[in-house]
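Architecture and fold: a report
One-letter residues, chain by chain:
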2 protein chains.
Amino acid sequence: MPPALASVLDLPADHPFPRQNLPYGVFRPTPHAAPRVGVAVGAGVLDLAVLEAAGFFAHPALEAARPFRAPTLNAFMALTPEAWDAARTTLLDLVRPGSPLDRAASLWEAAYHLRSDVTLCLPATVGDYTDFYASREHATNVGTLFRGPERALQPNWLHLPVGYHGRASSVVVSGTPIRRPRGQVLVDDAPAFRPSERLDYELEMGVFVGGGNALGAPVPVETAHRHVFGFVLLNDWSARDVQRWEYVPLGPFLGKNFATTISPWVVPAAALAPCRVPGPHQDPAPLPYLAAHEPRGLDVHLEVVLRPAGSTGEVVLSRSNARHLYWSPEQMIAHHTVGGCNLRPGDLLGTGTISAPEGVGSLLEQTENGRRPLSLLDGTTRTFLADGDEVILRGWGQGPGYRVGLGEARGRILPAP
Amino acid sequence: MPPALASVLDLPADHPFPRQNLPYGVFRPTPHAAPRVGVAVGAGVLDLAVLEAAGFFAHPALEAARPFRAPTLNAFMALTPEAWDAARTTLLDLVRPGSPLDRAASLWEAAYHLRSDVTLCLPATVGDYTDFYASREHATNVGTLFRGPERALQPNWLHLPVGYHGRASSVVVSGTPIRRPRGQVLVDDAPAFRPSERLDYELEMGVFVGGGNALGAPVPVETAHRHVFGFVLLNDWSARDVQRWEYVPLGPFLGKNFATTISPWVVPAAALAPCRVPGPHQDPAPLPYLAAHEPRGLDVHLEVVLRPAGSTGEVVLSRSNARHLYWSPEQMIAHHTVGGCNLRPGDLLGTGTISAPEGVGSLLEQTENGRRPLSLLDGTTRTFLADGDEVILRGWGQGPGYRVGLGEARGRILPAP
């Protein structure tokens, strides 16, 4: 018997998944069962196919599409903000003591699973994954390391959200082990093939695209918010030594494409609406196609935790906040599509590493490219990640009296093959 | 009534689709019908779902997967070279006067369509698209233009196949109009938003990946040929002015992602086996993980034809040949996966622009970045492409007495929005 709804909702104020969050994900009730769409609340997950079959989603677009029968969120992401709002309103009503769901014991029993009992999957099939470079602090830190403080920002950086195409096939869900890549690196000025010795994490948020646009039909910045379905945490694992040798002139390739980890629960844009804040002042003013309305920013607290190899303790490596992102998700979408490129529901946009005045989002920055090792409490040091290290990204927005948690994006490093 | 098989096979020696080719594609028999998998022969296309339902494909893997019921080639591409060979052997047997197909009039009638009657579609759902930069002549020409002859090749170029992730969503089939992109460009050293004035084509071949590899499990160069399903022509449309301003440090983005055109017929690797030739000598010798066996090269004649705006005539802009590609498809696959990145059936690899001693594969090279306009026969000139221009890529391998044609990749430029 599942716990009663009232006890599911009896949560501490810092719980990531209160009734006000209701993030969407995909889970297998048992390890080999077919994937199902669900929503997280408290320590549980509600099976949306069960609720859909029971007829709760009465909005015409939801009745026509029946998006929750699908094994991924893509069909739901393909709908409009009005349909997403209708589904959310329905869910907010159902996850309330005394609701029709609460009163129907057999339905509640069929729909509710403990999250600790289920296996979480990628929430959507990622058609294309694009990674931006939208934190001024990060771009400045990296530019300073490699070109000095005078030329830290490239000439284009303040004029457009710099981004590149990433690899969709290797986007994995939190908990998937990360195999240290081997690759071609420069050793004493000669190329050599060996395991990466500069394996790093990158603290990012991911934006799942909703709706989509036809090829040749740009999304204006004014309506770009209609294409922001929701948010996840994203770790853009990076092999700095591989990247350094390969990236001129076409950008990162094998230095990044061995894995990208995302958190399993997609927090709806509506749940994070209370966390919208003005973005950083933009000077020079962006060209009109990038002139986004405020509030552009997203006040989401972020932290990077390391569970060092052989240890069960956790070390907070860094704390940051997404509010410092110079370019907003809406500006990224307007820029991405302005030449006609089509976005599809389920496409994933990474913000780029989120560094901030209060903390940085990579070991590259934190150790100054390995020159200043970190001392951990267990007496070991790190310049970059060691085999067996586990990196855990966490994040949350603070609402009035509750948290909107993004959950976790975790990955442990396995030794190179 | 369709023509008799014997008359379908009565082809001139330079026909692109003789019995020895049998490229795979996807077509709609009528403009709104569901897509079907087919094979091209002569002026026709054979519906493979019809032949599969008739029980012709007896190989166990083909009987188990029934890949030709699908609306794309992905399911067939997911099989092994042994299954592809079995299907090809069956088709070579069927497309022969007196074959069981030739003798069954109703089956022949159900399976055969004139290509001029059908609508051609993308042959596969492209999971990820990667573009390489594998022509030494092209990299040298471009490097010379921007950095001078002394520093033309970047330091990494002779050591690894440089590549980057492209945009999968905007890969389109031949014939799709190409909308001139607008974008951010530098004008008098200040960023401005306007239609690209340096719209270019790039002559490439595309490789469709077959099979695939698990994340973390590299494909050794020795077995990489087992992942080459087949070849198409590929036009990597490029907005040089957009690309120039955006590409440092993360590579091309909006300068490329507005469209990539491929030819509709995927020529099986087996059909081009007679065109395998030794590749260019590689000095320095590649690291062992890239040490591919000969014959690495592919003797495929390529040409770029322009049908200028307002004209019905064709101008050959350039002739080239894929045999000059420095890095082979097998080396691209070994490199792409060596850090653990997973390839999936239907993934597309572009070779990069194929320039050669006999001709170049872009207007950037041909006009020296616009400094030397081309004079066309109609009295007009071009530095880059004009609205209304149509670019047609063609290619073929020469077999003993027949051609293995790649068909065409066409696109006409529409004015900016």
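What you see is a predicted model, and the numbers here were worked out from it, not measured in a lab.

The next point concerns the sheet that holds strand 1 (residues 24–28) of chain A. Residues and elements named next belong to chain A. Taken in spatial order, the 5 strands make up an open sheet running 4-3-2-1-5, and their pairing is antiparallel. Taken across any chain shown, the strands that pair with only one partner, and hence form the sheet edges, are strand 4 (112–114) and strand 5 (119–121). Each strand of the sheet is rotated relative to its neighbour by a mean of 45°, with strand direction disregarded. As paired strands, strand 1 and strand 5 are joined by 3 bridges and run antiparallel to one another. Along strand 5, the bridge assignment pairs Val 26 with Cys 121.

In this section: the nonpolar core. Among the nonpolar cores identified, the biggest contains 139 residues, and Met 205 and Trp 237 of chain A together with Met 205 and Trp 237 of chain B are the most heavily contacted of them. Per element, the largest residue contribution to this core is 5 residues, and it comes from strand 26 (residues 402–414) of chain B. Residues Leu 22, Leu 79, Trp 108 and Leu 234 of chain A belong to the second largest nonpolar core, which totals 45 residues.

Quick look at the relation of the copies chain A and chain B now. Structural alignment of chain A on chain B gives an RMSD of 0.0 Å, achieved by rotating through 180° and translating 0.0 Å along the axis. Read as a symmetry element, the transformation amounts to a two-fold axis. Considering only C-alpha atoms, the part of chain A nearest the rotation axis is Gly 251 of chain A, at 2.1 Å. When the interface residues of chain A are mapped onto chain B, 100% of them are again interface residues, pointing to one common binding face.

All right, on to the sheet that holds strand 9 (residues 178–179) of chain A then. Pairing between the strands of a sheet is mediated by backbone hydrogen bonds and can be parallel or antiparallel. What the 5 strands build is an open sheet, ordered 9-26-25-20-21 (chain A); its pairing is mixed. Of all the strands in the sheet, just strand 9 and strand 21 (315–321) of chain A have a single pairing partner and so form its edges.

Further remarks concern the side chain of Thr 353 of chain A. All names here are of chain A. Within the secondary structure, Thr 353 is located in the loop between strand 22 (348–350) and helix 11 (363–366). Within the structure, the side chain of Thr 353 is placed 2.9 Å from the side chain of Glu 202, a separation counted as a polar contact. Non-local contacts of Thr 353, meaning those with residues more than four positions away in its chain, are made with Ser 135, His 138, Glu 202, Leu 203, Glu 204, Gly 361, Ser 362 and Glu 365.

Scoring rules and cut-offs
Residues numbered from 1 in each chain as written. Chains lettered and ligands numbered in written order. Predicted model: local features only at pLDDT ≥ 70, side-chain atom pairs only at ≥ 80, totals over all residues. Heavy atoms only, no water. Pairing = 2+ DSSP bridges. Helix = DSSP H or I, 4+ residues; strand = E, 2+ residues; numbered from the N terminus. Axes fitted to C-alpha atoms, helices over the stretch in contact; angles between N-to-C directions. Core = buried A, V, L, I, M, F, W, Y, C linked by side-chain atoms within 4.5 Å. Buried < 20%, exposed > 50% of the residue type's maximum accessible area, 1.4 Å probe, protein only. Least-squares fit on C-alpha atoms with pLDDT ≥ 70 in both. Contact = heavy atoms within 4.5 Å. Polar contact = N/O pair within 3.5 Å; in protein donor to acceptor, adjacent residues only side chain to side chain.

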